[in-house]
Amino acid sequence: MKIYADDNMPLAREFFAELGDVTLFSGRNVQAAELADADILLVRSVTKVNAALLDANPNLRFVGTATIGTDHLDLAYLQGRGIVHTNAPGCNAQSVVEYVLSCLFILAEQQDKPLTDFTVGVIGVGQIGKRLVAALQALGLTVLQNDPLRAAEADFPHLDLDTLLASADVVSLHVPLVRGGAYPTFHLLDANRLAALPATTALINACRGEVVDNQALLAQARAGVKRPLFMDVWELEPAIEQQLVPYCDIATAHIAGHSVEGKARGTEMLYQAVCQLLDVTPTRTLSQFLPAGAIEKLQISPNFRLLDVQNLCRMLYDVRRDDALFRQHLVTHGFDWLRKTYPPRREFSSVCLQGQVPDYLIRLGFSQK
Ligand SMILES: NC(=O)c1ccc[n+]([C@@H]2O[C@H](COP(=O)([O-])OP(=O)(O)OC[C@H]3O[C@@H](n4cnc5c(N)ncnc54)[C@H](O)[C@@H]3O)[C@@H](O)[C@H]2O)c1
Ligand SMILES: O=C(O)[C@H](O)[C@H](O)COP(=O)(O)O
């Protein structure tokens, strides 16, 4: 069994070596000839999996992407060839939520307002959106939700997009990149919608760069609109529009989902899918391989207040670290280097809270004993 895996996929050998020969490849630059004898192909979001990559391979049985997004897979091509394929739904959803929370803490500080004063509009309420809504509501923020595909659900408070955009203080995007069909998301925020969006409304994009028209955003910024901008994803990665960076409050290299747990969970989910394909009982689990975090336990005192949440979360993750790395190294080392050398970052769940733990901390994702 020939298994080929992106060299940015953590624990690929640890999980897959028992199932076959594992060869690592460079995800962004891999060529068709390198994969010609693959039976199993394991990718991340930077590999375009299509006819050009796979026509030379007669054997391929399985393609798995250790990511949530699937816009880099030509699903019709894979289906046409009868190649089983899967992604890793929700693998890094918590990581993205922690990224968004970190952005919101910065915004609240910049504007010298309590977090609870903000109304956050969440666009796309799936794995990430749902977790984010739950976290924000746990902290007492007002949340507006837009997801036309869920509008018919009895308990879902769907708000139409333009009303949400007019009413929110912060807009956070969590849709997949979809170019056709009834609900396309390519340039969902186009020049017209950006023009209608109040200039003070903050924008967080941690889904896909192409969901926001980056040139329209740049034109707006150059025209003097001082919108708070938190950009993790960009059009045309890795060759992004660098002119936009100075206008961003936070700029990062598509790392919102790159917690240690988020990436490794993706590998584990593919391992489980391949075991199922091969009718083999899984013997490996992520818990065997995950090292303990730098901080394992924390005692919460009865004096802990909502105001202290920010300090607690920042101990685990502060997006300003990633923004600083981005501004320092983007031009000299490039977008992909920033992603490949991403410093380890553990999720809230890696810290076990003890003492009188308020329920909202558990709802944010911390664990408790
Ligand atoms: N920056 C990162 O590191 C990072 C990490 C993980 C995921 N992502 C991106 O985030 C996206 C969302 O992830 P998820 O796990 O929540 O996916 P998901 O599929 O669970 O949820 C997406 C939601 O968006 C909704 N949706 C689809 N089209 C819409 C539209 N036109 N308007 C409003 N809502 C729409 C869907 O109905 C669904 O509920 C992924 O597809 C991926 O592109 C980015
Ligand atoms: O879709 C996803 O899961 C994310 O965008 C993911 O974090 C991308 O990471 P990459 O595959 O590019 O390393």
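Looking at an unreviewed UniProt entry, one finds the protein chain named Erythronate-4-phosphate dehydrogenase, with Rheinheimera tilapiae as its source organism. In its Pathway (unreviewed entry) section, UniProt records this for the protein chain: "Cofactor biosynthesis; pyridoxine 5'-phosphate biosynthesis; pyridoxine 5'-phosphate from D-erythrose 4-phosphate: step 2/5."

This brings us to the overall build of the protein chain. Within the protein chain, the secondary structure is distributed over 14 helices and 14 strands. The C-alpha radius of gyration of the protein chain comes to 21 Å, within 12% of the 21 Å expected for a compact globule of 369 residues. Principal-axis analysis of the C-alpha atoms gives the protein chain an extent of 60 × 50 × 50 Å. Every one of the 369 residues in the protein chain was classed for burial, and the buried ones make up 43%.

Looking now at unusual backbone geometry. Cis geometry is found at the peptide bond from E237 to P238, where omega equals 5 degrees. As for its position among the elements, P238 is in the loop between β10 (229–231) and β11 (250–251). One non-glycine residue, H187, lies in the positive phi region at around 50 degrees. Within the secondary structure layout, H187 lies in the loop between β8 (170–173) and α7 (191–196). On the basis of neighbour count, H187 is assigned to the partly exposed category, with 19 C-beta atoms found within 10 Å.

Bringing the environment of R28 into the picture now. Here R28 is to be found in the loop between β2 (21–25) and β3 (40–43). Sequence-wise, R28 and R44 are 16 residues apart; in three dimensions their C-alpha atoms are separated by 9.1 Å. Non-local contacts of R28, meaning those with residues more than four positions away in its chain, are made with V46 and D336.

Okay, the domain arrangement of the protein chain next. What the domain assignment lists for the protein chain is domain 1 (2–87), domain 2 (93–251) and domain 3 (297–368). The straight-line distance from the C-alpha centre of domain 1 to that of domain 3 is 32 Å.

Moving on: the nonpolar core. Core analysis: the largest hydrophobic core is formed by 67 residues, its most contacted members being V100, C103, V170 and I204. Two domains each donate at least three residues to this core, and these are domain 2 (93–251) and domain 3 (297–368). Not counting the four nearest positions on each side in its chain, I204 is found in contact with V100, C103, V170, V171, S172, L173 and F230. Within the second largest apolar cluster, 34 residues are counted, among which are A5, V43, L54 and L60.

The next point concerns the site of ligand 2. Near ligand 2 you find N8, R44, S45, V46, T67, I68, G69, N92, H254, G257 and H258, and these make up its full shell. Residues that form the shell around ligand 2 fall into these classes: 2 nonpolar, 8 polar and 1 charged.

It is at 11 Å that the axes of helix α4 (residues 93–110) and helix α11 (residues 309–316) come closest, and there the two elements cross at 130 degrees. Taken together, the axes of α4 and α11 are oblique relative to one another. The chirality of how α4 crosses α11 is left-handed. Taken together, the residues of α11 that come into contact with α4 (itself represented by L101, S102 and F105) are Q310, C313 and R314. Each residue belonging to the contact of α4 with α11 can be placed in one class, and the counts come to 3 nonpolar, 2 polar and 1 charged.

Moving on, we get to the site of ligand 1. Lining the immediate environment of ligand 1, one finds 33 residues, of which G69, G124, G126, P176 and G257 sit closest. Elements represented by at least two residues in the shell around ligand 1 include exactly α4 and α5 (127–138). Of the residues assigned to the shell around ligand 1, the class counts are 17 nonpolar, 12 polar and 4 charged.

Summarizing the sequence annotation, UniProt attributes the feature "domain: D-isomer specific 2-hydroxyacid dehydrogenase NAD-binding" (unreviewed entry) to residues 113–255 in the numbering used throughout. Annotation note: span residues 113–255, helix share 24%, strand share 16%, distance between end C-alpha atoms 27 Å.

With that out of the way, let us pick up the packing of α4 against α5. At a minimum axis distance of 9 Å, the contact between α4 and α5 shows a crossing angle of 50 degrees. Classified by the angle their axes make, α4 and α5 are oblique. Crossing of α4 over α5 shows right-handed handedness. Counting all contacts with α4, which are made through A93, Q94, V96, V97, V100 and L101, the residues of α5 involved are Q127, I128, R131, L132 and A135.

Let's shift gears to α11. Those residues of α11 not exposed but buried are V309, C313 and L316. Projected down its long axis, α11 shows its buried positions confined to an angular sector of 50 degrees, all on one face. Of the exposed residues in α11, those oriented more than 90 degrees away from the buried face are N311 and M315. In this fold, the buried residues of α11 make contact with α4.

The next thing to look at is helix α12 (residues 319–333). Helix length check: α12, at 15 residues, gives a terminal C-alpha distance of 20 Å against a target of 21 Å (1.5 Å per residue), a fit within 8%. Of all bends in α12, the biggest is about 35 degrees, found at R327. All of the buried residues in α12 are V319, D322, D323 and F326. Where the residues of α12 are buried, they touch α4, β11 and α13 (335–340). Of the residues one or two after α12, G334 is the one with positive phi, at around 95 degrees.

Definitions and limits used
Residues numbered from 1 in each chain as written. Chains lettered and ligands numbered in written order. Predicted model: local features only at pLDDT ≥ 70, side-chain atom pairs only at ≥ 80, totals over all residues. UniProt positions renumbered as here; feature names shortened; annotations may be inferred. Helix = DSSP H or I, 4+ residues; strand = E, 2+ residues; numbered from the N terminus. Rg over C-alpha atoms; globule rule 2.2 N^0.38 Å. Buried ≥ 20, exposed ≤ 12 C-beta atoms within 10 Å, placed from the backbone. Contact = placed C-beta atoms within 7 Å. Domains from an automatic or database assignment. Core = buried A, V, L, I, M, F, W, Y, C linked by C-beta atoms within 7 Å. Near = placed C-beta within 6 Å. Nonpolar A, V, L, I, M, F, W, Y, C, P; charged D, E, K, R; others polar. Axes fitted to C-alpha atoms, helices over the stretch in contact; angles between N-to-C directions. Parallel < 35°, antiparallel > 145°, perpendicular 65-115°, else oblique. Left-handed = near helix turned anticlockwise from the far one by under 90°. Arc of directions from axis to C-beta. Expected span 1.5 Å × (residues − 1). Bend = angle between axes of the 7 residues up to and from the residue.

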